[in-house]
Amino acid sequence: MAEKNENAPVQEDMNELLKVRRDKLAAFREMGVAPFGHRFEVSHHNARILEQYAGLEGEAESEEEVSIAGRLMAIRGHGKASFSVLMDRTSRIQIYFKLDVLGEEKYKQFKLLDIGDIIGVKGHVFRTRRGELTVRVDDFDLLSKSLRPLPEKFHGLTDTEIRYRQRYVDLIMNPEVMDTFIARTNIIKSIRNYLDSRDFLEVETPVLGTVAGGAAARPFITHHNTLDIDMYLRIATELNLKRLVVGGMERVYEIGRVFRNEGMDVRHNPEFTSIEIYQAYADYNDLMDVTEGIVRDAAMAVCGSLQVDYQGTTIDYSSFKRISMNDAVKDATGKDFLSCETVEEARKMADEIGVPYEKHFGIGGILNAAFEEKVEETLIQPTFITGHPTEISPLAKRNPEDPRITDRFECFVYGRELANGFTELNDPIDQEGRFLDQLKQREAGDDEAHMMDRDFIVALEYGLPPTGGLGIGIDRLVMFLTDSASIRDVLLFPTMKPIE
């Protein structure tokens with residue numbers, strides 16, 4: 001007996017709908033109408049019409065002819081007159097087709113239109129008896145025949161898997177999605193305005209390199225055929241930007257994609273956008289101030305307030321707390337890891353509070369593990385964590401009073417890291433030693449430990465001025481300021497496993 005296919009009726013219905021639309025496509029061609037049109041002169045966007053003619057009353061209509069274009073989202077009535085809804089990038093507006101105005105030939109074309117078709121309309125604006133501003137269609141052109149039906153209007157496109165795979169349909173059906181990505185653009189504009197006004201220079205550095213450096217992460221590996229060498233997609237922009245500071249570019253930043261061959265969840269995507277900023281003659285305290293300024297400006301630009309709701313919690317960006325990692329752990333657990341003289345003492349402390357750690361961790365690594373286990377998720381309001389162990393900060397300058405820690409910070413919001421910065425290590429001898437220590441960690445099994453970058457050592461030997469550096473995750477900042485639960489909600493095309 002053949003297996004019953006429960007999806008067969010749905011597939012048959014879809015096949016029939018596709019056939020009907022292709023039949024209409026053929027009908028347009030028989031009429032001599034190109035179903036995929038050409039340039040159309042647009043005089044107004046819908047939002048401008050709604051604003052410009054808000055005062056139109058009674059039976060009056062606009063003196064000027066308006067020319068608009070967009071996608072049909074609704075068609076009501078197929079007699080001698082019909083109301084429809086046209087959507088462009090700014091808004092939706094009602095349009096009115098009438099046999100007496102268009103004539104029989106043009107009205108026949110109208111009857112072949114489907115929801116989803118893209119048309120250009122010329123007409124005059126009036127207000128209906130129900131008070132709705134409407135464009136009476138004097139003429140229209142078919143600009144693109146839609147050969148697939150949009151999702152059913154009452155349920156829309158709600159399946160998140162389909163939404164992320166078919167973002168184009170998601171944008172059509174869910175206006176709030178468009179708002180999120182407009183906000184994303186405005187956040188990036190705000191960041192650029194903040195930095196450009198402070199004499200920072202935006203630059204571009206290579207995505208491909210022979211060393212994956214600037215962060216602790218697993219890289220993507222590719223192969224350059226002509227050079228016959230393996231290369232890495234960058235995991236950070238840090239080392240090249242610091243080379244530019246060596247070269248005399250005292251204030252630089254780069255906004256760009258970075259790639260990390262790691263897990264995927266609501267907070268992580270294999271490729272994401274970061275901004276890294278470097279300021280000569282500054283330190284990590286200056287860059288904490290820059291972080292606050294960037295975040296506050298962005299919040300005001302897109303939310304109009306420094307108090308922003310995120311997932312039911314009000315985040316107050318008017319105040320950023322600052323506390324060292326060791327003090328934060330001590331407050332949460334009562335354990336002072338920096339009081340330990342030996343790794344055995346630190347391991348004992350970690351065991352007492354149930355903190356897991358790797359066998360190759362030193363005191364600093366265990367302190368960081370305790371922070372991640374006991375503190376990180378509790379940092380809801382904006383908080384700078386400072387004093388990271390040297391062991392986990394191979395590119396940060398040692399604290400002059402305590403060489404076990406570095407002049408570094410991470411900014412946390414809602415229990416998640418938003419930014420990472422530090423006073424840059426500009427001692428080439430110390431830097432080489434840190435790289436060698438990282439190589440030992442790689443040999444001990446840490447595949448995220450930093451690689452050796454000899455050319456970067458050479459650059460430092462020419463002299464890197466005292467410098468403060470900062471990296472901010474753009475996607476995460478957009479999540480916080482648009483109340484988006486998943487990073488996929490703020491990426492137009494998130495990474496997805498192919499459907500076989």
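For the structure, check the block above.
Residues numbered from 1 in each chain as written. Predicted model: local features only at pLDDT ≥ 70, side-chain atom pairs only at ≥ 80, totals over all residues. Heavy atoms only, no water.

Asks: Honestly, the overall build of the protein chain in this entry has me stumped. Any pointers?
Replies: Within the protein chain one finds 15 helices and 18 strands. Dimensions of the protein chain, computed from C-alpha atoms along their principal axes, come out at roughly 90 × 70 × 50 Å. Buried residues in the protein chain amount to 49% of all 500 residues. At a minimum sequence separation of 6, the contacts of the protein chain that also span at least 24 residues come to 65%. Put simply, the protein chain shows about 25,300 Å² of open surface, and 49% of that area lies on carbon and sulfur atoms. Seen as two clouds, the 61 positive and the 86 negative side-chain charges of the protein chain have centres 6 Å apart. (Helix = DSSP H or I, 4+ residues; strand = E, 2+ residues; numbered from the N terminus. Buried < 20%, exposed > 50% of the residue type's maximum accessible area, 1.4 Å probe, protein only. Contact = heavy atoms within 4.5 Å. Areas by Shrake-Rupley, 256 points an atom, 1.4 Å probe, with all protein chains shown as cover. Lys, Arg positive; Asp, Glu negative; His and termini not counted. Charge placed at Lys NZ, Arg CZ, Asp CG, Glu CD.)

Asks: Looking at this structure, how should I read the nonpolar core?
Replies: Side chains that are nonpolar tend, in soluble globular proteins, to be buried together. Counting 42 residues, the largest nonpolar core has Leu195, Ile275, Ile277 and Tyr317 as its most contacted members. In terms of residue count, helix H9 (residues 284–303) provides more of this core than any other element does, eight residues in total. Setting aside residues no more than four positions away along its own chain, Leu195 makes contact with Phe200, Tyr253, Ile275, Ile277, Val290 and Ile294. (Core = buried A, V, L, I, M, F, W, Y, C linked by side-chain atoms within 4.5 Å.)

Asks: Which parts of the structure should I look at to understand unusual backbone geometry?
Replies: Peptide bonds are trans in most cases, and residues, glycine excluded, mostly fall at negative phi. Its identity is not glycine, yet Tyr281 carries a phi of approximately 65°, on the positive side. Residue placement: Tyr281 occurs in the loop between strand S11 (271–280) and H9. Its identity is not glycine, yet Asp483 carries a phi of approximately 55°, on the positive side. With respect to the secondary-structure elements, Asp483 resides in the segment after helix H15 (474–482).

Asks: So what exactly am I meant to see when it comes to the side chain of Asp114 here?
Replies: Note that Asp114 resides in the loop between helix H4 (104–111) and strand S4 (118–127). Among the polar contacts made by the side chain of Asp114, one reaches the side chain of Lys24 at a distance of 2.7 Å. Each residue touching Asp114, except ones within four places of it in the same chain, is listed here: Arg21, Lys24, Leu72, Ile75 and Lys145. (Polar contact = N/O pair within 3.5 Å; in protein donor to acceptor, adjacent residues only side chain to side chain.)

Asks: Explanation requested: the pattern of salt bridges in the structure shown.
Replies: Working definition: two side chains of opposite charge can pair if their charged atoms are close together. Taken as a whole, this structure holds 30 salt bridges when the rule is applied. The partner of Asp327 in a salt bridge is Lys330, with the nearest N and O atoms 3.9 Å apart. Of this pair, Asp327 and Lys330 both sit in helix H10 (residues 325–333), three residues apart, roughly one helical turn. Of the residues examined, Lys330 reaches a relative accessible area of 33% and is grouped as partly exposed. What emerges from the salt-bridge pattern is a single network uniting Lys24, Asp114, Asp117 and Lys145. (Salt bridge = Lys/Arg side-chain N within 4 Å of Asp/Glu carboxyl O.)

Asks: So what exactly am I meant to see when it comes to helix H12 (residues 363–374) here?
Replies: Structurally, the α-helix is built with 3.6 residues per turn, so residues lying three or four positions apart point the same way. Taking 1.5 Å per residue, 12 residues should reach 16 Å; H12 reaches 16 Å between its end C-alpha atoms and fits that length. Among the 12 residues of H12, nine are classified as buried, and the element is accordingly described as predominantly covered. Those residues of H12 lying buried are Ile363, Gly364, Gly365, Ile366, Leu367, Asn368, Ala369, Ala370 and Phe371. Of the surrounding secondary structure, the elements contacted by the buried residues of H12 are H10, helix H11 (343–352), strand S15 (383–386) and strand S16 (408–413). (Expected span 1.5 Å × (residues − 1).)

Asks: What is the right way to read empty space enclosed by the protein from this model?
Replies: Gaps between atoms show up when a probe of the same size as a water molecule is rolled over them. Counting across every chain of the model gives one cavity of 30 Å³ or more. Looking at the largest cavity, its volume works out to about 30 Å³. Residue classes in the lining of the largest cavity are distributed as seven nonpolar, one polar and two charged. (1 Å grid on protein atoms, 1.4 Å probe; cavity = no way out; pocket = protein on both sides within 12 Å on 5 of 7 lines; lining within 4 Å. Points joined across faces, edges and corners; volume = space filled by probe spheres on them. Nonpolar A, V, L, I, M, F, W, Y, C, P; charged D, E, K, R; others polar.)

Asks: Explanation requested: the packing of aromatic side chains in the structure shown.
Replies: Each pair of aromatic rings is reported with the distance of its centres and the angle of its planes. Scanning the model with the defined rule gives 12 aromatic pairs in all. Ring centres of Tyr310 and Tyr414 lie 4.9 Å apart, and the angle between their planes is 85°; this geometry places the pair in the edge-to-face category. Here Tyr310 is found in strand S12 (residues 307–310), whereas its partner Tyr414 is found in the loop between S16 and strand S17 (416–423), with 104 residues between them in sequence. Assessed through its relative accessible area of 0%, Tyr310 is described here as buried. One aromatic cluster in this structure is built from Phe97, Tyr107, Phe110 and Phe140. Across the ring face of Phe140, the terminal group of Lys106 is positioned such that the distance to the ring centre comes to 4.9 Å. In this structure, Arg198 packs its charged tip against the face of Tyr194, placed 3.6 Å from the ring centre. (Phe/Tyr/Trp six-rings, centres within 6.5 Å; stacked < 30°, edge-to-face > 60°. Lys NZ or Arg CZ within 6 Å of the ring centre and 35° of its normal.)

Asks: What should I look at first to understand the pairing of strand S18 (residues 467–473) in this one?
Replies: Along a regular strand, successive side chains alternate from one face of the sheet to the other. Across the seven residues that make up S18, a large majority, seven, are buried. The side-chain alternation of S18 yields two buried faces, one formed by Thr467, Gly469, Gly471 and Gly473 and the other by Gly468, Leu470 and Ile472. When S11 meets S18, the two strands line up antiparallel, connected through seven bridges. Within the sheet, the bridge partner assigned to Ile277 lies in S18 and is Leu470. In this sheet, S18 lies alongside S17 in antiparallel orientation, the contact comprising five bridges. Opposite Phe422, over in S18, you have Gly469 as the bridge partner. (Pairing = 2+ DSSP bridges.)

Asks: Would you mind showing me how to read the side chain of Thr406 here?
Replies: You can see Thr406 is positioned in the loop between S15 and S16. Residue class for Thr406 comes out buried when judged on its relative accessible area of 1%. Residue contacts for Thr406: discarding those within four places in its chain leaves Gly387, His388, Pro389, Thr390, Ser393, Ala396, Lys397, Arg398, Asn399 and Arg434.

Asks: Would you mind showing me how to read the sheet that holds strand S3 (residues 92–98) here?
Replies: A barrel is described by the order of its strands in space; here five strands give the closed sequence S1-S2-S3-S5-S4, paired in mixed fashion. Each strand axis lies, on average, 55° off the axis of its neighbour in the sheet, ignoring direction. Strand contacts of H4: strand S1 (66–76), strand S2 (81–87), S3 and strand S5 (133–144), with the helix running at about 80° to S5, the strand carrying the most contacts. (Axes fitted to C-alpha atoms, helices over the stretch in contact; angles between N-to-C directions.)

Asks: Would you take a moment to explain the packing of helix H7 (residues 175–196) against H15 for this structure?
Replies: Helix packing geometry: the angle between the two helix axes and the distance between the axes. Where H7 meets H15, the axes come as close as 10 Å, and the angle between the chain directions of the two elements is 120°. What the angle tells us is that H7 and H15 run oblique. Considering only the axes of H7 and H15, their crossing is right-handed. In contact with Thr180, Ala183, Arg184, Ile187, Ile188 and Ile191 of H7, H15 contributes Ile474, Asp475, Leu477, Val478, Leu481 and Thr482. Considering only residue class, the contact of H7 with H15 consists of eight nonpolar, two polar and two charged. (Parallel < 35°, antiparallel > 145°, perpendicular 65-115°, else oblique. Left-handed = near helix turned anticlockwise from the far one by under 90°.)

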